[in-house]
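Given next are the chains, with one letter for each unit.
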Amino acid sequence: MSTQKFSTAALHAGHDVTINGGTRAVPIYQSTSYVFKNSDHAADLFSLAEPGFIYTRINNPTNDILEQRLAAIEGGIAAVVTASGTAATNTALLTLLKAGDHIVSSNSLYGGTYNLFKNTLPRLGITTSFVDPSDPANFSKAAKENTRVFFAESIGNPKLDVLDLKGISKEAKAFKVPFIVDNTVATPYLLNPIEHGADIVIHSLTKYINGNGTALGGAIIDAGKFDWANGKFPEFTEPSPGYHGLVYTEALEEAAFIGKVRIEGLRDHGAALSPFNAFQIIQGLETLKVRIKEHSKNALELAKWLQEQDAVEWVNYPGLESSKYHKLAQEYLKKGQSGLLTFGVKGGYEAAKTVVDEAKVFSLLANIGDTKSLIIHPASTTHQQLTEEEQASTGVTPDLIRLSVGLEDIEDLKADLNEAFSKIKKKDLV
Ligand SMILES: *Cc1c(COP(=O)(O)O)cnc(C)c1O
């Protein structure tokens, strides 16, 4: 485990320049496979007697450096990178769960994750109870004998509720199940969920970590603290038929979970990250700290400005004193509250659509965490498939606009929205 601080680890962890040809930048190892020294060496790699590279679906030297950096900056023992954030969630869960198992999840979720839990995993016999995460006790109340995971987002997208990590982690520990936290919106610079009791951290690297909208990626980071031998996870303590009788807790000890993610999860589900994308994400990670501070600063200033605009009904940003989550933000997000904010416009659904259509500096698209400012109307797009009741539980109302505040000059962002607001009035929507 790296003992370096965030800023140093984000730039250096995992990259030994003496074995990578002296390259200062991390090279792209664009190779599917690796030549074994001889058949004994090959056998040792396959039996895990020796560490090394076998095939890029399982591991790759470029990806390995990104994995070491992410583990270092999240305070985990190891990480596995995946083709997308969705692949990270899916691979983590399918490594842990089987038909008949049950998840208790926060209802304040990224739309894709909500759909995975609500519609797709049930086809495999894995069901989910959604709970309001604002009271940690709701997790235990919904837990059943077959519950194997508690899942939540540290800052819910798009509700922007800040999670009581310590409270929920206590409930998970009492129930002896791992607590998985999607930390995409907060980023490891602003928050390390493992410090507050998370067992596994998920990231969409597509967002702030890559940071400029050029590469999809995901990561699973293991705190290495969960007791897989507590009786609820026999797949970790009994010989694995999928890996020649390996007993994960004996062979890999505290790395039992993350090891299984790699050698069974990546092997069988195949959601490996391209080394080219890993390279791009490494470039992004190098500047995460400076970017996320600036994103947070711009978002706070814009949130304050929006509160004073006639066209605006309400503003939700965890950094605002008026936010329901301000107290939790002060506890968990002391360095900044990230770049997402939501607000409601007077005139509801139609007025909100007008604003997203009229904004010019803000790009209308479905992504977050880009250096460029982004805007979307979730009720007509990302959350369109949900019923109005489901929309409400995920925090989406008809008048809600979500901004991912970029790094442009704040005055240009204000002017752009001001212009868009004037169009609502012209159309007589209020
Ligand atoms: C985008 C996102 C995901 C999914 O990540 P992809 O890389 O798009 O698959 C998961 N969780 C959150 C919070 C996200 O914002």
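Cut-offs used in this document
- The numbers attached to residues start from 1 for each chain and follow its sequence in the written order.
- Given that this is a predicted model, residues contribute local features only at a pLDDT of at least 70 and side-chain atom pairs are listed and counted only at 80 or more, while totals for whole chains, interfaces and linings are drawn from all residues.
- Excluded from the side-chain calculation are hydrogens and water; included are all heavy atoms of the structure.
- An automatic or database domain assignment is the source of the domain bounds shown.
- The contact rule is simple, with two residues in contact once any of their heavy atoms fall within 4.5 Å.
- Here the quantity called buried area is the total loss of accessible area, with a 1.4 Å probe, experienced by two parts when brought into contact, counted for both.
- The rule for a salt bridge is simple: a side-chain nitrogen of Lys or Arg has to be within 4 Å of a carboxyl oxygen of Asp or Glu.
- Each helix is a run of H or I in the DSSP string that is no shorter than four residues. Each strand is a run of E no shorter than two, and both are numbered from the N terminus.
- Only Asp, Glu, Lys and Arg are considered charged, only Ala, Val, Leu, Ile, Met, Phe, Trp, Tyr, Cys and Pro nonpolar, and every remaining residue, Gly among them, polar.
- What counts as a ring pair is set by centres within 6.5 Å for rings of Phe, Tyr and Trp (its six-membered ring), and what kind of pair is set by the plane angle: stacked under 30 degrees, edge-to-face over 60, tilted for all other angles.
- Between buried and exposed lies partly exposed: a residue is buried under 20% and exposed over 50% of the maximum accessible area for its type, with that area taken using a 1.4 Å probe on protein chains only.
- A cutoff of 4 Å decides nearness: a residue is near a molecule or strand if any of its heavy atoms lies inside that distance of it.
- Here a polar contact is recorded for every N or O atom pair within 3.5 Å, except that within protein the pair must consist of a potential hydrogen donor and a potential acceptor, and residues adjacent in sequence are included only if both atoms are side-chain atoms.
- Reported accessibility uses the Shrake-Rupley method at a 1.4 Å probe radius. Residues are deemed covered only where the shown protein chains occlude them.
- UniProt positions are given in the numbering used here, feature names are shortened, and annotations may be inferred rather than shown by experiment.
- When DSSP finds two or more bridges between a pair of strands, those strands are recorded as paired.
- Between the N-to-C directions of two axes lies an angle of 0 to 180 degrees, each axis being a line fitted to C-alpha atoms and, for a helix, fitted only over the stretch in contact.

*Asks:* What should I look at first to understand the domain arrangement of the chain in this one?
*Replies:* As a measure of interface size, the accessible area lost when the parts come together is often cited. The domain architecture assigned to the chain consists of domain 1 (6–284) and domain 2 (290–426). One C-alpha centre belongs to domain 1, the other to domain 2, and the line joining them spans 29 Å. Facing 32 residues of domain 1, the contacting portion of domain 2 comprises 36 residues. Of the roughly 3,000 Å² buried at the junction of domain 1 and domain 2 (both faces included), carbon and sulfur atoms supply 61%. In this structure, Lys 118 engages Glu 390 in a salt bridge whose closest nitrogen and oxygen atoms are separated by 2.6 Å. Within the residue set of the side of domain 1 that touches domain 2, elements represented by two or more residues are α5 (111–120), α7 (165–175) and α8 (187–190). Of the residues that constitute the side of domain 1 that touches domain 2, the class distribution is 15 nonpolar, 11 polar and six charged.

*Asks:* Sorry, what's going on with the packing of aromatic side chains here?
*Replies:* Working definition: an aromatic ring pair is given by the centre-to-centre distance plus the angle between the planes. With the rule as written, the count across this model stands at 16 aromatic pairs. Here Tyr 114 and Phe 130 contribute two aromatic rings whose centre-to-centre distance is 4.6 Å and whose plane-to-plane angle is 35°, an arrangement assigned as tilted. Note that Tyr 114 is positioned in helix α5 and Phe 130 in strand β3 (residues 127–131), a separation of 16 residues in sequence. A relative accessible area of 26% places Phe 130 in the partly exposed class. Measuring from centroid to centroid gives 6.0 Å for Phe 343 and Phe 421, while their planes differ by 85°, and the two rings are edge-to-face. With Phe 343 in strand β9 (residues 340–345) and Phe 421 in helix α17 (residues 410–426), this residue pair connects regions lying 78 residues apart in the sequence. A residue is classified by how much of its surface remains accessible, and Phe 343, at 0% relative accessible area, is buried. Of the residues examined, Phe 421 reaches a relative accessible area of 2% and is grouped as buried.

*Asks:* What's the story with the site of the ligand in this structure? I'm lost.
*Replies:* Within the structure, the ligand sits among 13 residues, and Gly 85, Thr 86, Asp 182, Thr 206 and Lys 207 are positioned closest to it. Between an oxygen atom of the ligand and a main-chain N or O atom of Gly 85, the distance comes to 2.8 Å. Within the side chain of Thr 206, an N or O atom sits 2.6 Å from an oxygen atom of the ligand. Protein contact buries 93% of the 380 Å² of open area that the ligand shows by itself. Considered class by class, the residues forming the shell around the ligand number two nonpolar, eight polar and three charged.

*Asks:* Can you walk me through the pattern of salt bridges in this structure?
*Replies:* Two side chains of opposite charge can pair, provided their charged atoms sit close to one another. Taken as a whole, this structure holds 14 salt bridges when the rule is applied. The salt bridge partner of Lys 423 is Glu 358, with a shortest N-O separation of 3.5 Å. With Lys 423 in helix α17 and Glu 358 in helix α15 (residues 348–358), the pair connects residues that are 65 residues apart, well separated along the chain. Linking Lys 372 and Asp 370 is a salt bridge whose minimum nitrogen-to-oxygen distance equals 3.3 Å. Asp 370 gets classed as buried once you look at its relative accessible area, which sits at 8%. Each of the salt bridges in this network shares a partner with another, and the network as a whole consists of Glu 358, Lys 360, Glu 419 and Lys 423.

*Asks:* Could you clarify how one ought to interpret the environment of His 196 in this entry?
*Replies:* As for its placement among the helices and strands, His 196 is situated in the loop between α8 and β6 (200–204). Classification of His 196 by relative accessible area gives buried; the value is 15%. His 196 has contacts with Leu 165, Lys 166, Ser 169, Leu 191 and Tyr 332, leaving out every residue within four places of it along the chain.

*Asks:* Would you mind showing me how to read the UniProt feature "modified residue: N6-(pyridoxal phosphate)lysine" (unreviewed entry) in the chain here?
*Replies:* In the numbering adopted here, UniProt assigns the feature "modified residue: N6-(pyridoxal phosphate)lysine" (unreviewed entry) to Lys 207. Inspection of the secondary structure puts Lys 207 in the loop between β6 and β7 (218–222). Discounting residues that sit within four places of it in the chain, Lys 207 has contacts with Tyr 110, Thr 184, Asn 367, Ile 368 and Gly 369.

*Asks:* Can you help me understand the sheet that holds strand β12 (residues 400–404) in this one?
*Replies:* In sheet architecture, strand pairing relies on hydrogen bonds along the backbone and comes in two forms, parallel and antiparallel. With mixed pairing, five strands are arranged side by side in an open sheet as β8-β9-β12-β11-β10. Of all strands in the sheet, those bounded by a partner on one side alone are β8 (312–316) and β10 (363–364). As paired elements, strand β11 (residues 374–376) and β12 share three bridges and run antiparallel to each other. Opposite Ile 376, over in β12, you have Arg 402 as the bridge partner. Contacts from helix α13 (residues 288–307) reach β8, β9 and β12 within the one sheet, and its direction differs from that of β9 by about 15°. Of the strands in this sheet, β9, β10, β11 and β12 touch α15, which is tilted by about 130° from β9.

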